[in-house]
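Structure assessment
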Amino acid sequence: MTILVTGARGGVARSLVQQLHAAGLPVRAAGRDPAAARLPGGVEAVRADLADPGTLGPALDGVRRVFLYAERQGLGGFTERARAAGVEHIVLLSAAGADAASADPIARLHGEAEEAVARSGIAWTFLRPGGFATNALQWAGTIRADGTVRDPFPESWTAPIHEADIAAVALRALTEPGHAATMPVLTGPARLTRRRQAERIGEAIGRRITVERQDLDEHRRDLARWGPPEVAEALIRHAAAAVDAPPPVTGDVERITGRPARTFAAWARDHAADFR
């Protein structure tokens, strides 16, 4: 039973591939450029692009379980080919608050992806993480350059989750019974402000980090790499709202994996090299 992990260059996918490989499970990593994914030795890597159905046949050959990212294009064609190939279960990386009817573009994208997978007739699990700890990597350049974090919402709260914990939940969903038709909401074990996250990174690298309030228009320009303007505006709205309304913390990581979610401090130590 081969397990296909799409989006091989993504942080969650890389961690999942590593965990499956370490467990001795047959795993195939797929992406638009799998050679750039820094995969463990011995892991099969194939090119697959959801928007290019002609690339999907080799990726799906012999596959029964799939870890799938929510994509803007190609999900319907992918699920049709997956069903024809004999795929039995898809674990979709969605997002907290996913809702195909939402006016919020991020919630809508993930809700539409969930609906596309649900319509396929293949058993599914939707993983709904909140804020990713890896979002802090957007500060890596200025931390390396001058020990500074620039952000317009330093008091905005999140419960950041380590990508390895999302991957650990995905591994359980892919390899154990009992996870079909579930939608676990995944968070880290505690809420932190962005200012406190910067402090934790400083502790991990042994350097004092200064937090400066960033001009909002400059922040918009920085967010352009995340997608179109409507996505940037949604991210700004989320951050502004979380100043006064901290997100909930769930215990779904521990409930599913049997151990507590990793702290942000642990994530910062794991990624210290990115900030030095």
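Let us look at the structure shown here. Keep in mind the model is a prediction, meaning the values are calculated, not measured. (Residues numbered from 1 in each chain as written. Predicted model: local features only at pLDDT ≥ 70, side-chain atom pairs only at ≥ 80, totals over all residues. Heavy atoms only, no water.)

Next up on the list: the overall build of the protein chain. Looking only at helices and strands, the protein chain features twelve helices and eleven strands. At 19 Å, the protein chain has a C-alpha radius of gyration in line with the 19 Å of a compact globule built from 276 residues. Seen through its C-alpha atoms, the protein chain measures out along the principal axes to roughly 55 × 40 × 35 Å. In the protein chain, which comprises 276 residues, the proportion classed as buried is 49%. Looking at charge distribution, the protein chain has the averaged site of its 34 positive side-chain charges lying 3 Å from that of its 33 negative ones. (Helix = DSSP H or I, 4+ residues; strand = E, 2+ residues; numbered from the N terminus. Rg over C-alpha atoms; globule rule 2.2 N^0.38 Å. Buried < 20%, exposed > 50% of the residue type's maximum accessible area, 1.4 Å probe, protein only. Lys, Arg positive; Asp, Glu negative; His and termini not counted. Charge placed at Lys NZ, Arg CZ, Asp CG, Glu CD.)

A few words on the packing of helix H1 (residues 11-22) against helix H6 (residues 163-175). The angle between the axes and the distance between the axes are what describe a pair of packed helices. At their nearest, the axes of H1 and H6 sit 8 Å apart, and the two run at 55° to each other. Comparing their axes, H6 and H1 come out oblique. In this structure, the crossing between H1 and H6 has a hand that is right-handed. Residues Gly11, Val12, Ser15, Leu16, Gln19 and Leu20 of H1 lie in contact with H6, whose contacting residues are Glu163, Ala164, Ile166, Ala167, Ala168, Ala170, Leu171, Leu174 and Thr175. For the contact of H1 with H6, the residue count by class is ten nonpolar, four polar and one charged. (Axes fitted to C-alpha atoms, helices over the stretch in contact; angles between N-to-C directions. Parallel < 35°, antiparallel > 145°, perpendicular 65-115°, else oblique. Left-handed = near helix turned anticlockwise from the far one by under 90°. Contact = heavy atoms within 4.5 Å. Nonpolar A, V, L, I, M, F, W, Y, C, P; charged D, E, K, R; others polar.)

Let us look at the side chain of Asp151. Note on placement: Asp151 falls in strand E7 (residues 148-151). For Asp151, the side chain forms a polar contact with the side chain of Arg194, separated by 2.8 Å. Ignoring anything within four residues of it in the chain, the contact list for Asp151 reads Trp139, Arg194, Glu212, Arg213, Gln214 and His219. (Polar contact = N/O pair within 3.5 Å; in protein donor to acceptor, adjacent residues only side chain to side chain.)

Moving on, we get to the side chain of His179. Secondary-structure assignment places His179 in the loop between H6 and strand E9 (185-186). Overall, His179 belongs to the buried group, its relative accessible area being 12%. Leaving out residues up to four positions away in the same chain, His179 has contacts with Trp124, Thr125, Arg172, Ala173 and Ile256.

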